[in-house]
Amino acid sequence: DSGVTQTPKHLITATGQRVTLRCSPRSGDLSVYWYQQSLDQGLQFLIQYYNGEERAKGNILERFSAQQFPDLHSELNLSSLELGDSALYFCASSVSPKWNTEAFFGQGTRLTVV
Amino acid sequence: AQSVAQPEDQVNVAEGNPLTVKCTYSVSGNPYLFWYVQYPNRGLQFLLKYITGDNLVKGSYGFEAEFNKSQTSFHLKKPSALVSDSALYFCAVRAVTGANNLFFGTGTRLTVIP
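Residues numbered from 1 in each chain as written. Chains lettered and ligands numbered in written order. Predicted model: local features only at pLDDT ≥ 70, side-chain atom pairs only at ≥ 80, totals over all residues. Heavy atoms only, no water.

1. What about the overall build of chain A?
1) Next: Summing up its helical and strand segments, chain A has zero helices and eleven strands in all.
2) Next: Ordered by position from N to C terminus, the α and β elements of chain A give β-β-β-β-β-β-β-β-β-β-β.
3) Next: A globule of 114 residues ought to have a C-alpha radius of gyration of about 13 Å, and chain A, at 13 Å, matches this closely.
4) Next: Seen through its principal axes, chain A has C-alpha atoms that stretch 35 × 25 × 25 Å.
5) Next: Buried residues in chain A amount to 53% of all 114 residues.
6) Next: Long-range pairs, those at least 24 residues apart, make up 56% of the contacts in chain A with a sequence separation of at least 6.
7) Next: Split by element, the accessible area of chain A, about 5400 Å² in all, is 47% carbon and sulfur. (Helix = DSSP H or I, 4+ residues; strand = E, 2+ residues; numbered from the N terminus. Rg over C-alpha atoms; globule rule 2.2 N^0.38 Å. Buried < 20%, exposed > 50% of the residue type's maximum accessible area, 1.4 Å probe, protein only. Contact = heavy atoms within 4.5 Å. Areas by Shrake-Rupley, 256 points an atom, 1.4 Å probe, with all protein chains shown as cover.)

2. Re the layout of surface pockets
1) Next: In this structure, the largest pocket spans a volume of roughly 690 Å³.
2) Next: What lines the largest pocket is a set of 28 residues, and nearest its centre among them are Gln 37, Leu 88 and Arg 110 of chain A together with Gln 38 and Leu 88 of chain B.
3) Next: If you list the elements that add at least two residues to the lining of the largest pocket, you get strand S4 (31–38), strand S5 (42–50), strand S9 (87–94) and strand S11 (109–113) of chain A together with strand S10 (87–95) and strand S12 (108–113) of chain B.
4) Next: The residue inventory of the lining of the largest pocket, partitioned by class, reads ten nonpolar, 13 polar and five charged.
5) Next: There is about 220 Å³ of room inside the second largest pocket.
6) Next: Taken together, 13 residues form the lining of the second largest pocket, with Gln 36, Ser 38, Gln 41, Gly 84 and Asp 85 of chain A sitting closest to its centre.
7) Next: Elements with a contribution of two residues or more to the lining of the second largest pocket: S4 and S5 of chain A.
8) Next: Class assignment for the residues of the lining of the second largest pocket results in three nonpolar, seven polar and three charged. (1 Å grid on protein atoms, 1.4 Å probe; cavity = no way out; pocket = protein on both sides within 12 Å on 5 of 7 lines; lining within 4 Å. Points joined across faces, edges and corners; volume = space filled by probe spheres on them. Nonpolar A, V, L, I, M, F, W, Y, C, P; charged D, E, K, R; others polar.)

3. Remarks on the packing of aromatic side chains
Two aromatic rings are characterised by how far apart their centres lie and by the angle between their planes.
1) Next: One pass over the structure, following the stated rule, counts 15 aromatic pairs over all chains.
2) Next: With 5.9 Å between their ring centres and 70° between their planes, Tyr 36 of chain B and Phe 46 of chain B make a pair best called edge-to-face. Placement of Tyr 36 of chain B in strand S5 (residues 31–38) and of Phe 46 of chain B in strand S6 (residues 44–50) is noted, with a sequence separation of ten residues between them. The residues Tyr 36 of chain B and Phe 46 of chain B share a single accessibility class, namely buried.
3) Next: Ring pairing ties together the aromatic residues Tyr 33, Tyr 35, Phe 45, Phe 90, Trp 99 and Phe 105 of chain A together with Phe 34, Tyr 36, Phe 46, Phe 90 and Phe 104 of chain B, which thus form one cluster.
4) Next: Its end group placed over the ring of Phe 104 of chain A, Arg 26 of chain A keeps NZ or CZ at 3.7 Å from the ring centre.
5) Next: Positioned above the aromatic ring of Tyr 50 of chain A, the side-chain terminus of Arg 55 of chain A is 5.8 Å from the ring centre. (Phe/Tyr/Trp six-rings, centres within 6.5 Å; stacked < 30°, edge-to-face > 60°. Lys NZ or Arg CZ within 6 Å of the ring centre and 35° of its normal.)

4. Description of the side chain of Lys 78 of chain B
Residue and element names in this part refer to chain B.
1) Next: Note on placement: Lys 78 falls in strand S9 (residues 73–78).
2) Next: Owing to a relative accessible area of 8%, Lys 78 belongs among the buried residues under this scheme.
3) Next: In terms of polar contacts, Lys 78 uses its side chain to reach the side chain of Asp 85, at 2.8 Å.
4) Next: Ignoring any residue separated from it by four or fewer positions in sequence, one finds Lys 78 in contact with Pro 18, Leu 19, Tyr 61, Gly 62, Phe 63 and Asp 85. (Polar contact = N/O pair within 3.5 Å; in protein donor to acceptor, adjacent residues only side chain to side chain.)

5. Quick look at the pairing of strand S8 (residues 74–78) of chain A
All names here are of chain A.
1) Next: For S8, the buried fraction is high: five of the five residues fall into the buried class.
2) Next: The two faces of S8 match: Ser 74, Leu 76 and Leu 78 on one face and Glu 75 and Asn 77 on the other face are all buried.
3) Next: For strand S3 (residues 19–24) and S8, the ladder comprises five bridges, and the chain directions are antiparallel. Looking across to S8, one finds that Cys 23 is bridged to Ser 74.
4) Next: Two elements, strand S7 (residues 64–68) and S8, share five bridges in a ladder whose sense is antiparallel. Note on S8: the bridge partner recorded for Phe 64 is Leu 78.
5) Next: Hairpin connection, S7 to S8: the antiparallel pair is bridged by five residues, and Leu 72 has positive phi, about 80°. (Pairing = 2+ DSSP bridges.)

6. Considering empty space enclosed by the protein
In this approach a probe as big as a water molecule rolls over the atoms, and the regions it shows empty are the leftover space.
1) Next: Applying the stated criterion to the full structure yields one cavity of 30 Å³ or more.
2) Next: Taken as a whole, the largest cavity spans an internal volume of roughly 60 Å³.
3) Next: Lining the largest cavity are Tyr 33, Tyr 35, Trp 99, Thr 101 and Ala 103 of chain A together with Phe 34, Tyr 36 and Leu 102 of chain B.
4) Next: Counting only elements with at least two residues in the lining of the largest cavity, the list comes to S4 of chain A together with S5 of chain B.
5) Next: Residues belonging to the lining of the largest cavity are distributed by class as follows: seven nonpolar, one polar and no charged.

7. A few points about the nonpolar core
In a soluble, globular protein the nonpolar side chains are often hidden away together inside.
All names here are of chain B.
1) Next: Trp 35, Leu 47, Leu 48, Phe 74, Leu 76 and Tyr 89 are the most contacted members of the largest nonpolar core, which has 29 residues in total.
2) Next: Listing elements by their share of this core, those giving two or more residues are strand S2 (10–14), strand S3 (19–21), S5, S6, strand S8 (64–68), S9, S10 and S12.
3) Next: Once you skip the residues sitting within four places of it in the chain, Tyr 89 turns out to touch Gln 6, Val 21, Trp 35, Tyr 36, Val 37, Leu 47, Phe 63, Leu 76, Gly 107, Thr 108 and Leu 110. (Core = buried A, V, L, I, M, F, W, Y, C linked by side-chain atoms within 4.5 Å.)

So this is what it looks like as structure tokens:
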């Protein structure tokens with residue numbers, strides 16, 4: 001168990017809808033990362049937060065947004081969902097925002113858009 | 001531009017034999033290099049990393065990797081494979097002075113045959 005908790009584990013929703021994925025980082029970790037894993041694009045970095053502030057942005061669509069709250073949990077909001085958004089979404093956390101630090105991954109949320 | 005390549009989608013090895021999972025990278029300047037492993041229905045688990053220093057890095061579960069700057073490679077190795085090593089392995093890279101993003105390879109599925 002990595003100590004990173006993601007909810008829900010599975011989510012099925014219709015096109016055009018909006019969903020929120022939740023992540024609780026490991027105790028003591030201030031940095032949270034979101035990744036998308038799909039069959040055609042592999043594992044893609046979406047966004048990083050550190051202590052409540054956005055730190056880095058990757059390949060995140062404008063329809064997607066995220067935030068990190070004062071208690072350090074994070075939420076990834078996906079809106080106007082399309083079939084192509086179906087993927088496994090991972091949250092990871094690390095104690096440092098530096099990119100030479102290993103991250104600890106949650107078990108992921110499997111999103112299916114129908 | 002930063003990228004990482006895992007040239008083999010699938011590697012099969014007999015239990016007890018040495019295993020190698022290949023990774024080559026492309027970055028401007030010095031790299032941070034990581035190996036992660038993903039078991040079915042689980043998130044990624046950190047195995048080892050190269051930041052600086054000794055080219056031979058030892059990690060979890062008896063794995064090691066050798067950083068070769070001239071060949072821009074970071075192959076994962078283990079002297080004696082176990083059936084329980086069967087999983088999906090990801091190499092990842094980030095340039096020390098590059099953009100805030102961690103680039104993952106497409107993964108190599110390792111199957112250890114009893």
